Amino acid sequence: MADIAARNPTILTGDRRSGLHKLMQRKSTIAFLMALPLILLIAILVAYPAGYAVYLATLNKGMTRFVGFGNFEFLFGRDTFWLVVYQSCLFAITAVIFKAIIGFVVAHFVHNIPAKGQRKWRGMLLVPWVIPPAMSTLAWLWLFDPSYSALNWLLGIFGIEGIPWTGEAGWARFSVILVNVWIGSPFFMIMYLAALKSVPEQLYEAASIDGATWWQRIWYVTLPMMRNIIAITALFSLIVTFANFDIVRVLTAGGPLNSTHIFGTWAFRVGIEGGDIPLGAAVSLFMVPILAVAATFILRDITKRGSEV
Amino acid sequence: MADASIASGAPSRPKYGSMSRDRAWALRWSYFFLVLFAIFFLMPPIYMLITSLKTSAEISAAANPWWISNPTLQNYIDLLSQNQFLVFFRNSAIVSICVVILTMMISVIAAFALARMKFWGSATLATGVFLTYLIPETLLFIPLFKMFAWVNETFGIQLMNHWWTMIILYPTLTVPFATWIMIGYFASIPKELDEAALIDGATWMQTLTKIFIPVALPGIIAATIFTFTVAWAQFLYPLAFTTSTSELVLPVGIITTLIKGDVFNWGQIMTGALLGAAPPLIIYAFLMDYYIAGLTAGATKG
């Protein structure tokens, strides 16, 4: 209906100045209406719950009484909480570093081979990213099975004794990171491959004429040219990894002895399974600082690039 | 091979020869490591397939786990004849398709408004969309849990333990991303195109449907595939908000019903996991290029 009004010839033929003004007004009204479903969705199901989480975190367990920072004080006094903080940081940082390295290396190998074969390899290597994480983690759980582990069988061929993949705290931490790296590095590979293709070939030619070794070519040409994309991919992945849930939940469910719990899974354990919603909300809020820092950097990069164009 | 022949056929130019020999070796090493990485990346899905074709007796036998002596489709037959599994599949399919339709309708229209029809606060909203994309579901599920209880008390609508609640929830994960990449695609369309349409008397809606959607079709396909993949794979929300077996979606259904206590029927679990992974994998196999375009657009466009 608004469209028809906007096309109404009286607006165009009327007083030119106010007609134009009206048209502009109409245009912005239409635009606002078009964006309204999006605004409502974000406001009701994202912004409001995010704010509500802060309020919830200040209530007591029965949600009847305001306790201020009581939940946070309680958390600070618990060893499990500090274990979760330690594990979350270890998990996210280690996983992102390895994902970035493996993604970078694999992207180089794919970039090296003749162009017509690249599509096939890229397609194969992206498979872990396409499978729903909960489903592929099940496959890993089965590969890590204490009695029938197919990985331990392979190690047995080389005379290596079976590894308690999910049974012992140190190995369980390693396992959740391994699965996360497996799922996430194809994403880095795709991003870096796209970035590698945008580096002008002349730069490499100039470098090799100057007698640069392959290492110098990577260090002085590839890395500086890809700095932006490396940073933004790593920050993105840091957010996603830090807020991970599926992998840890399916693979270890936080065990053994809470050693692999991260914020997401522990908040679920405390808030939904334990029935202490305010405490769960308080736990999940600890993700906010690192998310905010990463988001600020990403946003700064995007606005910077936006103004360059 | 071509490099090697050049290298051997040009002894008078040792410098050039050594360079191409280097390149030939680099190529060989690249293939070698690519094969290693492909084995690492494809091992779990292949092992899923291997296990799904085995009998329970063979799985628990102390034989080579990577070899199938008596291939059987019994696991598939058992699982697909279970009513319960078909219910999970149906729930997942309906939820994913509805979420895709809802997401694309909301995000294409909103992205058009944000990219082309500036209005008060539109730049802030575009940034806000991006920020929402960065807010993870692990932060929102607890307040949502409480909000659903409040909705039930106030309006008498029970949102808990219904698969259709997921149709309301998943767009929070898919709409921001889809809108974001659609803004990127729409912004890359030349302004002259829609100006010409407007001068010819097209309404904004006509400009969108007759010009923007056809031109940005690759972006729309990429966003659709991405939305479907996210909706199909979502695990936390259905795990937190649904419990009855008739209301579960596929990933949660497989994990909560097939894993019972200490008795793991791995043949069936792997079959279920493979069937659960199949729809996104099949779509990916056919529309790989769109998938990759969407993936790279998410972080690079803007």
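Keep in mind that what you see is a predicted model, and the values were worked out from it rather than measured.

## Some thoughts on the overall build of chain B
Thinking step 1. In terms of regular secondary structure, chain B is built from 16 helices and 2 strands.
Thinking step 2. In summary, chain B has a C-alpha radius of gyration of 26 Å against a globular reference of 19 Å for 302 residues, an excess of more than 25%.
Thinking step 3. In chain B, which comprises 302 residues, the share counted as buried stands at 45%.
Thinking step 4. Taking the intrachain contacts of chain B between residues at least 6 apart in sequence as the baseline, contacts between residues at least 24 apart amount to 74%.

## Re helix α11 (residues 204-215) of chain B
Residue and element names in this part refer to chain B.
Thinking step 1. The end-to-end C-alpha distance of α11, which contains 12 residues, comes to 15 Å, matching closely the 16 Å that a straight helix rising 1.5 Å per residue would cover.
Thinking step 2. Among all positions of α11, only Trp204, Thr207, Leu208 and Phe212 are buried. The arc that holds the buried residues of α11, viewed along the axis, is 95°, so those residues lie on one side.

## Considerations on the interface of chain A and chain B
Thinking step 1. Facing 80 residues of chain A, the contacting portion of chain B comprises 78 residues.
Thinking step 2. Ranked by residues supplied to the side of chain A that touches chain B, first place goes to helix α3 (residues 16-56) of chain A with 19 residues.
Thinking step 3. Looking at side-chain class alone, the side of chain A that touches chain B contains 65 nonpolar, 10 polar and 5 charged residues.

## What about the domain arrangement of chain B?
All names here are of chain B.
Thinking step 1. Domain parsing of chain B yields domain 1 (2-52) and domain 2 (74-300).
Thinking step 2. Computed from C-alpha coordinates alone, the two centres of domain 1 and domain 2 are separated by 39 Å.
Thinking step 3. Tallying the contact residues gives 4 residues for domain 1 and 7 residues for domain 2.
Thinking step 4. Each residue belonging to the side of domain 1 that touches domain 2 can be placed in one class, and the counts come to 2 nonpolar, 2 polar and no charged.

## Focus on the confidence of the model for chain A
Thinking step 1. Of all residues in chain A, 90% have pLDDT values of 70 or greater, and the mean over the chain is 84.
Thinking step 2. The model gives residues 1-15 of chain A a pLDDT under 50, and that stretch makes 19 contacts with residues more than four places away or in other chains.

## Let's talk about the packing of helix α10 (residues 169-197) of chain A against helix α12 (residues 214-242) of chain A
To describe two helices that pack against each other, one gives the angle between their axes and the distance between the axes.
Residues and elements named next belong to chain A.
Thinking step 1. Packing of α10 against α12 leaves a shortest axis separation of 10 Å and a crossing angle of 155°. The angle between the axes of α10 and α12 places the two elements in the roughly antiparallel class. Taken as a pair, α10 and α12 cross one another with a handedness that is right-handed. Facing α10, whose interface residues are Asn180, Gly184, Phe188, Met191, Tyr192 and Ala195, α12 presents Met226, Ile229, Thr233, Ser237 and Thr241.

Definitions and cut-offs
Residues numbered from 1 in each chain as written. Chains lettered and ligands numbered in written order. Predicted model: local features only at pLDDT ≥ 70, side-chain atom pairs only at ≥ 80, totals over all residues. Helix = DSSP H or I, 4+ residues; strand = E, 2+ residues; numbered from the N terminus. Rg over C-alpha atoms; globule rule 2.2 N^0.38 Å. Buried ≥ 20, exposed ≤ 12 C-beta atoms within 10 Å, placed from the backbone. Contact = placed C-beta atoms within 7 Å. Expected span 1.5 Å × (residues − 1). Arc of directions from axis to C-beta. Nonpolar A, V, L, I, M, F, W, Y, C, P; charged D, E, K, R; others polar. Domains from an automatic or database assignment. pLDDT = per-residue confidence, 0-100. Axes fitted to C-alpha atoms, helices over the stretch in contact; angles between N-to-C directions. Parallel < 35°, antiparallel > 145°, perpendicular 65-115°, else oblique. Left-handed = near helix turned anticlockwise from the far one by under 90°.

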